[in-house]
Every structure is written in C-alpha cells, then in structure tokens.
Amino acid sequence: MRSSFATRARVSLGGLPLARTPNHRQQAARRRWMVAGGMLALALASGAIGALTTGRTHPQGSVETGPFSYFPYQ
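As a starting point, this report considers the structure included with it. (Residues numbered from 1 in each chain as written. Predicted model: local features only at pLDDT ≥ 70, side-chain atom pairs only at ≥ 80, totals over all residues. Heavy atoms only, no water.)

## Regarding the overall build of the chain
In terms of helices and strands, the chain carries two helices and zero strands. Relative to its full complement of 74 residues, the chain shows a buried share of 3%. Approximately 7600 Å² of the chain is accessible, and the part contributed by carbon and sulfur atoms is 65%. (Helix = DSSP H or I, 4+ residues; strand = E, 2+ residues; numbered from the N terminus. Buried < 20%, exposed > 50% of the residue type's maximum accessible area, 1.4 Å probe, protein only. Areas by Shrake-Rupley, 256 points an atom, 1.4 Å probe, with all protein chains shown as cover.)

Written out as structure tokens, the structure is:
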C-alpha cells in the first residue's frame, strides 16, 4: 500500500521554497551580494567617520599645505 503523500511529493515541482537547499549558484550569488554589501557599508562608515573628524575651520595663523604637498606654502 502506497502513501498518497509520497506520490504528491514526487509530483510537485521542487517542493516548498523554505525546505529546499539553495544550489551552488544561489549560494555564490548570495556571497557576492554579501561581500558587495560589506564593502559598501565599510565605505559609508569610513566616509561618515572622516566627515565627522575633519576640522572645518582653520585657526588664525595656521599654515596650509598644497593639494599635492606635505610642505607648507605661502
């Protein structure tokens, strides 16, 4: 005597989405999205920290450097 549940399970085209294990391509795509999201989050966090820590005003008498030099110019 065969179970009707086993027959229906074989006939279904892939089963429930939550019961299926993602295949190799889906796992690789998920990893790529996670790496890209991590890089984006790191870039946003470092940009926010950089924007918060830079001094916006220069005190009187300070010497500024040029855009391509570490040495002060007048």
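Moving on from the coordinates now.
## Let's talk about the environment of Pro22
The topology assignment puts Pro22 in the loop between helix 1 (4–11) and helix 2 (24–53). With relative accessibility at 25%, the residue Pro22 sits in the partly exposed group. When sequence neighbours within four positions are dropped, the list of residues in contact with Pro22 reads Gln27 and Arg30. (Contact = heavy atoms within 4.5 Å.)

Honestly, that's just the spatial picture; any functional story needs more than this.
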